[in-house]
Structures are given as C-alpha cells and as structure tokens.
Amino acid sequence: MHRVTAYANSSERTSGRFCAAFAAGAGAEVAEDFQLRPGAMALFGSPSLWELLTQAIGEGRDWYYGDHGYFDRGRYYRVTRGAFQPAARDLRAGDDERLDALGVEIKPWRRAGGHVLVCPPSASYAHLMRRAGVTVARGDDWGAWASRKLQKYTDRPVRIRTKAAARASARPLEADLKDCWAVVAHMSNTALHAALAGIPIFVLGPAASRPLAKTDLSAIEDPFFPENRREIAASLAASQWTLDEIAAGDCWRALA
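As the structure is a prediction and not an experimental result, all values here were calculated from the model. (Residues numbered from 1 in each chain as written. Predicted model: local features only at pLDDT ≥ 70, side-chain atom pairs only at ≥ 80, totals over all residues. Heavy atoms only, no water.)

Can you walk me through the overall build of the chain in this structure?
In terms of regular secondary structure, the chain is built from eleven helices and ten strands. The C-alpha radius of gyration computed for the chain amounts to 19 Å, which stays within 12% of the reference 18 Å derived for 256 residues, consistent with globular compactness. The C-alpha extent of the chain, read off along each of the three principal axes, is 55 × 40 × 35 Å. When each of the 256 residues of the chain is scored for burial, the buried share is 50%. Across the chain, contacts joining residues at least 24 apart in sequence account for 62% of those joining residues at least 6 apart. As presented, the chain carries roughly 11900 Å² of accessible surface, and 47% of it is formed by carbon and sulfur atoms. Charge separation in the chain, taken as the distance between the mean sites of 33 positive and 29 negative side-chain charges, equals 4 Å. (Helix = DSSP H or I, 4+ residues; strand = E, 2+ residues; numbered from the N terminus. Rg over C-alpha atoms; globule rule 2.2 N^0.38 Å. Buried < 20%, exposed > 50% of the residue type's maximum accessible area, 1.4 Å probe, protein only. Contact = heavy atoms within 4.5 Å. Areas by Shrake-Rupley, 256 points an atom, 1.4 Å probe, with all protein chains shown as cover. Lys, Arg positive; Asp, Glu negative; His and termini not counted. Charge placed at Lys NZ, Arg CZ, Asp CG, Glu CD.)

Structure representation (structure tokens):
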C-alpha cells in the first residue's frame with residue numbers, strides 16, 4: 001500500500017475529525033504542520049490547505065478530497081480520488097437501499113417555469129479551483145458572467161442565488177426553485193438537488209451532477225430531461241460515508 005498522509009487544519013473541527021477518520025481507515029498518518037510529506041495526500045476541502053493540494057497536483061501525486069456529502073450533509077462526507085467531484089466514468093455502482101434510507105425523493109420533471117436560477121461559486125472558490133487546474137469562467141463575478149451569457153439566448157428573468165446571501169437570509173432553496181425554469185451552476189451541489197426536484201440543470205464545471213445536465217447555455221430553452229436520475233443519485237449515495245464508515249475503512253476500500 002502506498003504511503004498516504006491526511007492533512008488536517010487543527011483549528012477547523014471538521015477538518016480534524018475527517019482526517020482522523022480517514023487516517024484510521026486508510027492506515028495513514030495525520031499531519032497538522034502544513035508540510036508536504038512524500039506520497040499521496042488526503043484532506044477535507046479547506047482553503048487553508050490549498051497550497052499543499054496545488055503542490056501535490058503539480059507534482060502528479062495521488063490525492064483524496066473530502067467534503068460535505070451530497071445528501072444529509074453534516075452526517076455524510078463525500079470523498080473522491082484525484083478529483084473534486086466524480087466524473088461520469090468514476091461513478092460507483094449504486095445502492096438503492098442506501099439511497100432510500102437517506103429519504104431522497106425524486107420528483108417528476110417540470111416542463112414549465114419562469115425564471116432561470118444562477119448559483120455561482122464564490123470568487124474565492126473560483127480562484128482556488130483555477131489554481132488547482134479546474135477551468136472556471138474568467139472574471140470574479142461568475143454570476144454576472146452567466147447572466148450576460150444567458151441574456152443572449154433567453155428573455156426569461158435571471159435570478160442569482162449566492163451561497164453567502166442564501167445563508168445570511170436563511171432563504172431555503174425551495175423558495176428559489178418555485179416556478180424555476182432551469183438552474184445554472186458550476187459545481188454547486190444545488191444543481192443536483194434541483195435536478196432531483198424536477199428542475200432541469202445546466203452545469204458548466206466538473207460536477208457530480210453533470211450527467212444530468214446540459215453544458216451549453218445556448219440551449220437554455222431546450223433543457224435536458226434524463227431518465228437516469230435515480231441511478232445517478234444511487235451512485236452518489238454509494239460515494240459518501242459517515243465518519244464511522246470512513247474510520248472502518250469502507251471509503252478507503254472503495255477508492256484505493
């Protein structure tokens with residue numbers, strides 16, 4: 001087994017808990033000194049560790065990226081190898097029982113609506129993604145860029161939902177999805193939940209929801225209504241784990 005180090009920011013509780021669990025399940029060591037060691041690296045998606053991650057990627061190392069889960073965030077954590085979210089080719093075999101236990105509801109496709117909802121990445125997240133080699137539309141205001149692009153192809157009103165504003169106002173996603181024609185995002189988990197709620201999606205980055213989306217905004221009036229939403233959702237349910245499952249090695253055995 002190749003050497004793996006889990007890098008934790010001790011000042012961030014989630015980072016420490018995730019890395020302790022990952023190290024236990026993978027037989028790895030935990031480092032908190034921000035010094036890159038030989039071998040592969042694992043981390044929870046903390047901006048404070050991005051310098052190490054970009055260095056590891058630049059050196060061609062294996063890396064394991066943890067973040068909050070696709071479903072039941074706070075209890076489950078998604079983990080991917082060599083990517084921030086799984087590409088279609090990397091999706092694991094689904095588990096309907098696991099999906100059903102999460103209470104995930106898949107609603108019929110809605111084929112009518114008014115506004116387009118744009119869910120941009122934050123400027124800091126977009127910057128970090130670019131540093132890690134992920135293509136993100138140029139410009140700090142991704143939402144404004146997407147809005148201008150959409151206005152070339154539709155007369156529908158465009159509504160922008162930033163994570164910061166939604167958190168500050170405690171506005172639920174369901175409120176913005178009401179009478180929504182389509183959701184546009186880069187890698188936001190919002191796109192996945194919109195698709196499962198029956199709202200067509202347009203995904204411009206390497207997101208787990210990309211198999212359910214169109215990727216060209218010029219097709220905004222002709223969205224995609226795929227029939228494999230349950231299959232994709234079950235695959236993602238099989239690609240997230242509780243901390244106990246991670247510590248038991250379930251995640252490591254699936255990805256290593």
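What is the right way to look at empty space enclosed by the protein in this model?
Where empty space is left can be seen by rolling a probe of water-molecule size over the atoms. All told, the structure shown has one cavity of 30 Å³ or more when counted by the stated rule. Approximately 40 Å³ is the volume found for the largest cavity. Looking at the largest cavity, the residues that line it are Tyr 70, Gln 85, Met 187, Ser 188, Asn 189, Leu 192, Ala 207, Ala 208 and Ser 209. In terms of residue class, the lining of the largest cavity is made up of five nonpolar, four polar and no charged. (1 Å grid on protein atoms, 1.4 Å probe; cavity = no way out; pocket = protein on both sides within 12 Å on 5 of 7 lines; lining within 4 Å. Points joined across faces, edges and corners; volume = space filled by probe spheres on them. Nonpolar A, V, L, I, M, F, W, Y, C, P; charged D, E, K, R; others polar.)

I would appreciate a short explanation of the nonpolar core in the present structure.
Nonpolar side chains in soluble globular proteins tend to be buried together. Met 41, Phe 71, Val 183 and Ile 201 are the most contacted members of the largest nonpolar core, which totals 48 residues. Here Phe 71 is in contact with Tyr 76, Leu 99, Leu 102, Val 104, Leu 192, His 193, Leu 196, Ala 233, Leu 236, Ala 237 and Gln 240, once residues within four sequence places are set aside. Ranked by size, the runner-up nonpolar core spans 20 residues in total, among them Ala 6, Ala 40, Leu 243 and Ile 246. (Core = buried A, V, L, I, M, F, W, Y, C linked by side-chain atoms within 4.5 Å.)

What should I look at first to understand the sheet that holds strand β8 (residues 180–185) in this one?
Neighbouring strands of a sheet are bound in pairs by backbone hydrogen bonds; such pairs are parallel or else antiparallel. Spatial ordering of the open sheet is given by β7-β6-β8-β9, a layout of four strands whose pairing is parallel. Of all the strands in the sheet, just β7 (158–160) and β9 (201–203) have a single pairing partner and so form its edges. Recorded for the sheet is a direction-independent mean angle of 20° between the axes of neighbouring strands. Lying over the sheet, helix α5 (residues 142–150) contacts β6 (115–119), β7 and β8, oriented at roughly 150° with respect to β6. Sitting on the sheet, helix α8 (residues 189–196) is in contact with β6, β8 and β9, with an inclination near 155° to β9. (Pairing = 2+ DSSP bridges. Axes fitted to C-alpha atoms, helices over the stretch in contact; angles between N-to-C directions.)

Sorry if this is basic, but what is going on with the layout of surface pockets here?
A volume near 1600 Å³ is recorded for the largest pocket. Around the largest pocket, the lining is made up of 49 residues, and of these Arg 73, Lys 163, Ser 188, Asn 189 and Thr 190 lie nearest the centre. For the lining of the largest pocket, a count of residues per class yields 23 nonpolar, 13 polar and 13 charged.

Explain the environment of Leu 36 here, please?
Relative to the elements of secondary structure, Leu 36 occurs in the loop between β2 (29–31) and β3 (40–44). Residues Leu 36 and Ala 175 lie 139 residues apart in sequence; the distance between their C-alpha atoms is 44 Å. In this structure Leu 36 touches Tyr 7, Met 41, Leu 52, Gln 55, Ala 56, Glu 59 and Arg 61, once residues within four positions along its chain are discounted.

How do you make sense of the pairing of β6 when you look at a structure like this?
Walk down a regular strand and you will see the side chains alternate between the two sheet faces. Of all five residues making up β6, five are buried, and the element is well covered by its neighbours. In β6, alternate side chains face the same way, and those of His 115, Leu 117 and Cys 119 on one face and Val 116 and Val 118 on the other are all buried. Note: β6 against β8, five bridges, orientation parallel. Counterpart to Leu 117 in the pairing with β8 is Val 183. In this sheet, β7 lies alongside β6 in parallel orientation, the contact comprising three bridges.

Whenever I open this one, the sheet that holds strand β4 (residues 63–68) confuses me. Can you help?
One open sheet holds the six strands; their spatial order is β2-β1-β3-β4-β5-β10, and the pairing between them is mixed. The open sheet terminates on both sides in strands that have one partner only, identified here as β2 and β10 (240–242). Direction aside, neighbouring strands of the sheet carry axes that sit 30° apart on average. Pairing between β3 and β4: four bridges, direction parallel. Counterpart to Leu 43 in the pairing with β4 is Tyr 65. Along the sheet face, helix α1 (residues 13–26) touches β1 (4–7), β2, β3, β4 and β5 (76–81) and points at about 140° away from the line of β3.

What's the story with the side chain of Asn 189 in this structure? I'm lost.
Mapped onto the secondary structure, Asn 189 falls in helix α8. Apart from the residues within four sequence positions on either side, Asn 189 is in contact with Gly 69, Tyr 70 and Arg 73.

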